[in-house]
Amino acid sequence: MEETGIAEFYNGKTVFITGATGFMGKVLVEKLLRSCPGVDQLYLLMRPSKGKDVTSRLQEFIDNQVFESLRTEHPEQMKKIVAVAGDVTFPGFGLSPEDLQLIHDNVSIVFNSAATVKFDEELKTAVQLNVKGPRELLAICRKMKKLQAVVHVSTAFNNLDREELDEVIYPATIDPIKLIELIDCLDDGLVRGITKELVGQCPNTYTYTKALAEQLLERECGDIPLAIVRPSIVTAAEHEPLPGWVDNLNGPTGFVSGVGKGFIRTFKINSQLVGDIVPVDYPINLMIAVGWHTAIQNRRMTKVEGIPQKIKVYNCSTGQKNPLTWEKFRSIGFKYWLENPTVEMMWYPNCSFTKNKTVHKIDQAISHYLPAYALDLVARLTGKRVKWVRLYDRAHHAISCLDFFMTHQWRFVSENQIRLLDYLSETDRSIFYFDVRQINWKSYIETYVAGARRYILKDDPSTLPAARRNLKKLYMVKMLLRLILLSIFFLVLSYLWQQVSSWGTITPSEYIVSDNITFLHLQSEVEKETSNQAINPYLTSGIKS
């Protein structure tokens, strides 16, 4: 066990965070301010966007519902947040000389979570954010006078050509520095043309560039005390900052919300595989503990016989220690949706999984596109906006980016996070919990669905009675429609049966007699025609004497 507790360690420390405005970033800031109240200041890298300067973005950030408890109970903590204008794609993050000096002089701990998480991102953009960004960060960190730890957030889903992924940095298939130089000197069109060849067996540019970033960090970190945390599929919070809190449709959250709405009804998923999801509060607590542990252990990179010491890697995943199959996820989540439906459902919810591509396409055509074309036809006839087919096209594209991950399975070795528990006091294990073995999946999935209902679909708990009444109405409409379709089916079947039965009223002997009569008649006609052939010329031209 370490001598200094985690909260005590962060007392008086200044922390620099990239990616703070993202899903994980918000949870990290909230946790540091709430559970490490003695922290001095949090410098958040923010990029002006959409006509808003950094001051406006900071105010929006502070007003987010995730900080509601802090704003009410400890408003003084919110004053510790300092926004610095910058962009990870620029040299030196585009920081002003004043802000850069401020960071060099004061920062002790760095959390780097800035990245593009779009699976279909352009390679050039993914390299700028996910590879060049960490490289620029190292250059800034080298000049920090008080630096004690850098925690880089990667992903468990890199190097997916392996079935088992250990807590090590695997060699890259290409030199990341040379790739950066290559990408920089090519125009966008040429980069698109060679993307497939460069990415190789990686399913997308996200996993490809995150693996390259790890390789680059290992090569260039030098004596910077650096550790890597690799979360798997990050989902809604289990407990903190709010049970079920989530602010995006990434990953399974899109599935959960789409099913609840009755919008998405079929998925290409191998239901028997383990879905390696992890609630967001677990990797966040692990990151804070890793920052503490890296600094306390004074694990600065030292060289032994010219080879840099290995960076400590922490896989934050559940598949090895507390596995959950997609089928279990579906059955628990769908049952909870039926008990706690959303108010504005498009149709009665359904959720079917298949790993067969052809079956999935047929299911999509029947369950999604058939109703979509019907709704668009009605909209066109009534002069309303046509949208449903377009919405399904967009939804299917987004979901298809996840097909590879839902039909494959890997074993992520996650021993380092368990070993780290040995260094924590009982109090710290309770406050900064990250032991995934303690997750109760039934309870968590119910919390997850409730969170999607409240924070994604914006349904207040008070709407549940109305939503349940609506669900019953949709169920009755569904059953009525089934009854109508079955009635039509049986009417058609009955008609066809009558037609077939009418063909079968003649007995086999009658068929034989009928065939014989027809044959004899034809034979008689042929013989008659043949016997007349000799006098035909006379019948046409007359008898000549």
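Our subject is the structure that appears above.
The structure presented is a predicted model; accordingly, all values stated were derived computationally and were not measured.

Enquirer: Which parts of the structure should I look at to understand the overall build of the chain?
Expert: Regarding its fold elements, the chain presents 22 helices and 15 strands. With 545 residues in all, the chain has 47% of them scored as buried. Accessible area of the chain: about 27,700 Å², with a carbon and sulfur share of 56%.

Enquirer: Hey, could you run me through the layout of surface pockets in this one?
Expert: Where empty space is left becomes clear once a probe the size of a water molecule has been rolled over the atoms. For the second largest pocket, the calculated volume is near 560 Å³. Considering the residues around the second largest pocket, the lining is formed by 19 residues, among which Arg 265, Trp 347, Ile 366, Pro 371 and Leu 481 are closest to the centre. Secondary structure elements with two or more residues in the lining of the second largest pocket: α14 (357-381) and α20 (464-503). Sort the elements by how many residues they give to the lining of the second largest pocket and α14 lands first, with 7 residues. Residues of the lining of the second largest pocket, tallied by class, amount to 12 nonpolar, 4 polar and 3 charged.

Enquirer: Looking at this structure, how should I read unusual backbone geometry?
Expert: Excluding glycine, a negative phi dihedral is what most residues carry, and trans is how most peptide bonds are arranged. Here the bond from Glu 240 into Pro 241 is cis, since omega is 5 degrees, no more than 30 degrees from zero. Within the secondary structure layout, Pro 241 lies in the loop between β8 (233-235) and α11 (252-261). Look at Asn 159: it is not a glycine, yet its phi comes out positive at around 55 degrees. With respect to the element layout, Asn 159 can be found in the loop between β5 (149-153) and β6 (164-165). Residue classification places Asn 159 among the buried positions, given a relative accessible area of 13%.

Enquirer: Sorry if this is basic, but what is going on with the nonpolar core here?
Expert: Side chains of a nonpolar character, in soluble globular proteins, are inclined to be buried together. Counting residues in each nonpolar core, the largest one holds 104 residues, and the members touching the most others are Tyr 10, Val 29, Leu 32 and Phe 111. Looking at which element gives the most residues to this core, the answer is helix α12 (residues 281-296), with 9 residues. With residues near it in sequence (within four places) discarded, Leu 32 still touches Tyr 10, Val 15, Ile 17, Pro 37, Val 39, Leu 42, Phe 111 and Ile 288.

Enquirer: What is the right way to look at the side chain of Glu 30 in this model?
Expert: As for its placement among the helices and strands, Glu 30 is situated in helix α2 (residues 23-35). The class for Glu 30 is buried, based on a relative accessible area of 2%. Other than its neighbours up to four places away in sequence, Glu 30 contacts Val 66, Phe 67, Leu 70 and Pro 241.

Enquirer: Looking at this model, I keep getting lost on helix α10 (residues 205-220). Mind explaining?
Expert: For the α-helix, the turn length of 3.6 residues means that residues three or four positions removed from each other point alike. Spanning 16 residues, α10 covers 22 Å between terminal C-alpha atoms, matching the ideal 22 Å at 1.5 Å per step. Taking the backbone nitrogen of Tyr 206 as reference, a side-chain oxygen 3.1 Å away marks Asn 204 as the first, capping residue of α10.

Enquirer: Would you mind going over empty space enclosed by the protein with me for this structure?
Expert: Inspection of the entire model under this criterion finds 3 cavities of 30 Å³ or more. Taken as a whole, the largest cavity encloses approximately 140 Å³ of empty space. As for the largest cavity, its lining consists of 14 residues, and the residues nearest its centre are Val 256, Val 259, Phe 329, Arg 330 and Cys 351. Going through the elements one at a time, α11 and α13 (326-339) are the ones with two or more residues in the lining of the largest cavity. Per-element tally for the lining of the largest cavity: the top contributor is α13, with 6 residues. Residue classes in the lining of the largest cavity are distributed as 12 nonpolar, 1 polar and 1 charged. Of the pockets and cavities examined, the second largest cavity occupies roughly 70 Å³. For the second largest cavity, the full set of lining residues is Phe 157, Ile 233, Val 274, Gly 275, Asp 276, Trp 326, Phe 405, His 408, Gln 409, Trp 410 and Phe 412. Residues of the lining of the second largest cavity, tallied by class, amount to 7 nonpolar, 3 polar and 1 charged.

Enquirer: I would appreciate a short explanation of the pattern of salt bridges in the present structure.
Expert: Two side chains of opposite charge can pair, provided their charged atoms sit close to one another. Per the stated rule, a full pass over the model turns up 20 salt bridges. One salt bridge connects Lys 52 with Glu 60, and the closest N-O pair in it is separated by 2.5 Å. Accessibility expressed as a relative area gives 34% for Lys 52, which makes it partly exposed. The exposure class of Glu 60 is partly exposed, given its relative accessible area of 42%. The network of salt bridges with shared partners includes Glu 30, Lys 31, Arg 34 and Glu 240.

Enquirer: Just checking my understanding: could you explain the packing of aromatic side chains for this structure?
Expert: The description of two aromatic rings rests on the distance between their centres and on the angle between their planes. Overall, the coordinates contain 23 aromatic pairs when judged by the stated rule. Seen from their ring centres, Trp 326 and Phe 329 are 5.9 Å apart, and the 85 degrees between their planes marks the pair as edge-to-face. Within this pair, Trp 326 and its partner Phe 329 are both found in helix α13, separated by 3 residues, close to a single helical turn. The exposure class of Trp 326 is buried, given its relative accessible area of 2%. Ring centres of Tyr 369 and Tyr 392 lie 6.3 Å apart, and the angle between their planes is 55 degrees; on these two criteria the pair is classed as tilted. One end of the pair, Tyr 369, is in helix α14; the other, Tyr 392, is in helix α15 (residues 388-400), with 23 residues separating them in the sequence. The pair Tyr 369 / Tyr 392 is uniform in exposure class, with both members buried. Feature note: the residues Phe 119, Phe 157, Tyr 206, Phe 404, Phe 405, Trp 410 and Phe 412 constitute an aromatic cluster, connected by ring pairs. The aromatic ring of Phe 9 is capped on one face by Lys 13, whose charged end is 4.4 Å from the ring centroid. In this arrangement the basic side chain of Lys 31 is found over the ring face of Phe 432, its NZ or CZ atom lying 5.1 Å from the centre.

Criteria and cut-off values
Residues numbered from 1 in each chain as written. Predicted model: local features only at pLDDT ≥ 70, side-chain atom pairs only at ≥ 80, totals over all residues. Heavy atoms only, no water. Helix = DSSP H or I, 4+ residues; strand = E, 2+ residues; numbered from the N terminus. Buried < 20%, exposed > 50% of the residue type's maximum accessible area, 1.4 Å probe, protein only. Areas by Shrake-Rupley, 256 points an atom, 1.4 Å probe, with all protein chains shown as cover. 1 Å grid on protein atoms, 1.4 Å probe; cavity = no way out; pocket = protein on both sides within 12 Å on 5 of 7 lines; lining within 4 Å. Points joined across faces, edges and corners; volume = space filled by probe spheres on them. Nonpolar A, V, L, I, M, F, W, Y, C, P; charged D, E, K, R; others polar. Core = buried A, V, L, I, M, F, W, Y, C linked by side-chain atoms within 4.5 Å. Contact = heavy atoms within 4.5 Å. Expected span 1.5 Å × (residues − 1). Polar contact = N/O pair within 3.5 Å; in protein donor to acceptor, adjacent residues only side chain to side chain. Salt bridge = Lys/Arg side-chain N within 4 Å of Asp/Glu carboxyl O. Phe/Tyr/Trp six-rings, centres within 6.5 Å; stacked < 30°, edge-to-face > 60°. Lys NZ or Arg CZ within 6 Å of the ring centre and 35° of its normal.

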